[in-house]
Amino acid sequence: RSLTMEKRDFSEISDTCKWESPDYEPWFPVSEKSNPLTRDIDKSSPNHIVRLLAACDAQMFQKDTGTTYQRLFSDSVVLTMLEVARTVEQILRDPEDSLVVLSGCGTSGRLAFLMASCFNRALRDRQQNTVYSYIIAGGDRALLTSLEASEDDPKLGMLTLEKLCEGKRRVLFIGISCGLSAPFVAGQLDFCLKHPDIYTPVLVGFNPVTQAREETMPGYSLTFREVVQRMEEQRGQRAFIINPAVGPEAISGSSRMKGGSATKILLETILAAAHTAAFTNTHVTRRVLLDMMRGYERVYSVTYSHSDQIATLLQTAGLSLQCGGRVCYLSWGSLGLVGLIDASECIPTFGADYEDIRGFISGGYQDMDNIEGDLTSLGSQFCIAHEDFVSLVLPTLSDRDTVLLLYTCHDDVGDVEKMVHRVREKTSNLHSLYHGLEGDTAQWELSSKLVLNAVSTGSHVLKGKIYRNHMVDLQVTNSKLYHRAIHILQVRTHARTHEALLKAIYHVEQLPEDITSAGASCHNDYHPVAFTSVIRKCFERHYDTQQLYHPRHPRTIPINIPPQQIHRRHNLKLHSTLPSPT
Ligand code: S6P
């Protein structure tokens, strides 16, 4: 191997650990730091993008390195998981008037829904009563689109929880906030602490408690950090905190990626272990939990062993987006939810239109099994069945668009083939992600999530929506995103960034006093629509946009080549050598 290769590998290894140093961006919590591995992702080739994403995801499974950060496999984390799993086990053995509620905002709420549905299905299959429920800030429509503003409302969180749990004797509340930051979840945790006779709160996130958000919440006397401190006082008895560090996200603050994957790994491990124990009359042990988590680590390795194919897919999707085309995920079974979730996140993260990357699920809302039922009447964006794809998208489908099929050996292959024939009449740009060997649904889901996150993130990187490793076209729709936007502006300028952002938001040259003196969360109430692409507007004011929206080094990917020449037929198969569940 050449000296250059070795030098690069060495620098990647040191970049992997760099973020753990106390001097590295000390003003940010881990979940908002920029990952040293990906600082040049915006000018990387598709193959290198996938390699960088794999390196970032690997940080999830990194062992305890003796720094201040506890990790996924740390004793303290596994011990708390064990205690929570035993509480779930007790509920499963005696479910009368009991509930396990999973709650969160944005991606965290979508995963809460995914897991609640999956484990309720497992109970129904055993002819048991269901015990899981979910809350997502903004209600069911937030499962499919971005409603980030509700995240700022602690009272709404509290009231929604109270209403859902009316009449219950025992509630295990699992609040997910990757950044230990969502006021909506803080309000719920605080409510649980005030009613210990019924509620046991569990907080899942990926920052140390000392990095929980300190900003005051609108209409609330406590900060997130103060709520967490109160939980710490009860820790291990009436409150639990599961908060390993998984390293900064590949795209700064994009907690849909590692934050989402780690949430899925932690909670599915806890719930699956509790189910096994309750229905085989055994008890959850530390070893069972560790074995299950190692199973997910193998899922990671098997998935990224297909890096070249993922890179080809990412490049094709990127070309579609660059040409003004669309990327459609057509899925069967529970992979459909993974597709819908990935697609919905592109709207707030990349300022994408809902049609840019869009998910469809074979049985539509019947397969979704969400609390509010069929949402199609809310508009085209909420049409999610394959039938909707056939009537709304197929007629105008062309080689500019990319279609990705996601299915497993459990799905009806005849049905998949029918869809393949219909799509091929319109485009040759058809791909598939297929889990071919018998396996575990949860593992297939994680594998698909990693691939789709890579495709949607990578294709938007190729489109020019990322500057270094920062999102520059995000929608500033809540206070967390407002602060992130301020930081992104500071990356390139020492100008008065708060003013620059507010002027762009309100389209004014002079800022009236009531705007400048308002807190971050108030700006959503004033001009919700004006927040779209604010960052871009701010950058346009200060910089040469050419420099921002095109790669700093010329790519080998030509942007205006006719569709026939740029699209290649490709069939990605993830023949699953995934391990079976414990
Ligand atoms: C992040 C995603 C957001 C977050 C949401 C909740 O990629 O776009 O929707 O999930 O803001 O964040 P958190 O830190 O409370 O889980």
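Calculation criteria
Residues numbered from 1 in each chain as written. Predicted model: local features only at pLDDT ≥ 70, side-chain atom pairs only at ≥ 80, totals over all residues. Heavy atoms only, no water. pLDDT = per-residue confidence, 0-100. Contact = heavy atoms within 4.5 Å. Near = heavy atom within 4 Å. Polar contact = N/O pair within 3.5 Å; in protein donor to acceptor, adjacent residues only side chain to side chain. Areas by Shrake-Rupley, 256 points an atom, 1.4 Å probe, with all protein chains shown as cover. Nonpolar A, V, L, I, M, F, W, Y, C, P; charged D, E, K, R; others polar. Buried < 20%, exposed > 50% of the residue type's maximum accessible area, 1.4 Å probe, protein only. Helix = DSSP H or I, 4+ residues; strand = E, 2+ residues; numbered from the N terminus. Pairing = 2+ DSSP bridges. Right-handed = clockwise from strand over helix to strand, strands pointing away. Axes fitted to C-alpha atoms, helices over the stretch in contact; angles between N-to-C directions. Parallel < 35°, antiparallel > 145°, perpendicular 65-115°, else oblique. Left-handed = near helix turned anticlockwise from the far one by under 90°. Expected span 1.5 Å × (residues − 1). Phe/Tyr/Trp six-rings, centres within 6.5 Å; stacked < 30°, edge-to-face > 60°.

For the rest of this paragraph, the subject is the confidence of the model for the protein chain. Per-chain confidence: the protein chain averages 85 in pLDDT, with 82% of residues scoring 70 or above. Note that residues 525-532 has pLDDT below 50 and, in this model, 14 contacts with residues that lie over four places away or in other chains. Here residues 541-582 is modelled with pLDDT under 50, and outside its nearest four sequence neighbours on either side it reaches 97 contacts, counting other chains as well. If you check the scores for this complex, the pTM reads 0.86 and the ipTM reads 0.99.

Moving on to the site of the ligand. Residues in close proximity to the ligand total 15 residues, the closest being Ser 108, Glu 151, Ser 177, Cys 178 and Lys 480. The separation between an oxygen atom of the ligand and a polar main-chain atom of Arg 256 is 3.0 Å. In the environment of the ligand, an oxygen atom lies 2.8 Å from a nitrogen or oxygen atom belonging to the side chain of Lys 480. About the coverage of the ligand: the protein hides 95% of its 410 Å² of free accessible area. Counted by class, the shell around the ligand contains three nonpolar, eight polar and four charged residues.

Turning next to the pairing of strand S7 (residues 357-361). Counting buried positions along S7 yields five of five residues, so the element is predominantly enclosed. With burial as the criterion, each face of S7 is covered, one bearing Ile 357, Gly 359 and Ile 361 and the other bearing Arg 358 and Phe 360. In this structure, strand S6 (residues 327-331) lies alongside S7, joined through five bridges in parallel fashion. The residue of S7 that forms the bridge with Val 327 is Ile 357. The parallel pair S6 and S7 is bridged by helix H11 (residues 335-350), and the resulting crossover is right-handed.

Two quantities define a packed helix pair, namely the angle between the helix axes and the distance between the axes. At their nearest, the axes of helix H3 (residues 75-93) and helix H8 (residues 258-280) sit 8 Å apart, and the two run at 45° to each other. Taken together, the axes of H3 and H8 lie oblique to each other. In this structure, H3 crosses over H8, and the sense of that crossing is right-handed. Of H8, the residues touching H3 (which contributes Val 77, Met 81, Val 84, Ala 85, Val 88, Glu 89, Leu 92 and Arg 93) are Leu 266, Thr 269, Ile 270, Leu 271, Ala 274, His 275, Ala 277 and Ala 278. The class makeup of the residues in the contact of H3 with H8 is 12 nonpolar, two polar and two charged.

Further remarks concern helix H9 (residues 286-304). For H9, built from 19 residues, the straight-helix expectation of 27 Å at 1.5 Å per residue is met to within 8% by its first-to-last C-alpha distance of 28 Å. Those residues of H9 lying buried are Leu 289, Leu 290, Met 292, Met 293, Gly 295, Tyr 296, Val 299, Tyr 300, Val 302, Thr 303 and Tyr 304.

Before going further, it helps to examine the environment of Ala 112. Relative to the assigned elements, Ala 112 resides in helix H4 (residues 106-125). Considering only alpha carbons, one finds Ala 112 and Tyr 132, 20 residues apart in sequence, at a separation of 9.8 Å. Setting aside chain neighbours within four positions, we find Ala 112 in contact with Leu 102, Ser 103, Tyr 134, Ile 135 and Ile 176.

For the structure shown, the criterion picks out 10 aromatic pairs. Judged by centre distance (5.1 Å) and plane angle (40°), the rings of Trp 19 and Tyr 69 are tilted. With Trp 19 in the loop between helix H1 (3-18) and helix H2 (46-58) and Tyr 69 in the loop between H2 and H3, this residue pair connects regions lying 50 residues apart in the sequence. With respect to class, Trp 19 is no different from Tyr 69; both count as buried. Between Phe 113 and Tyr 134 the ring centres are 4.9 Å apart and the planes differ by 70°, which places this aromatic pair in the edge-to-face class. Note that Phe 113 is positioned in helix H4 and Tyr 134 in strand S2 (residues 132-136), a separation of 21 residues in sequence. Using a relative accessible area of 2% as the deciding quantity, one classes Phe 113 as buried.

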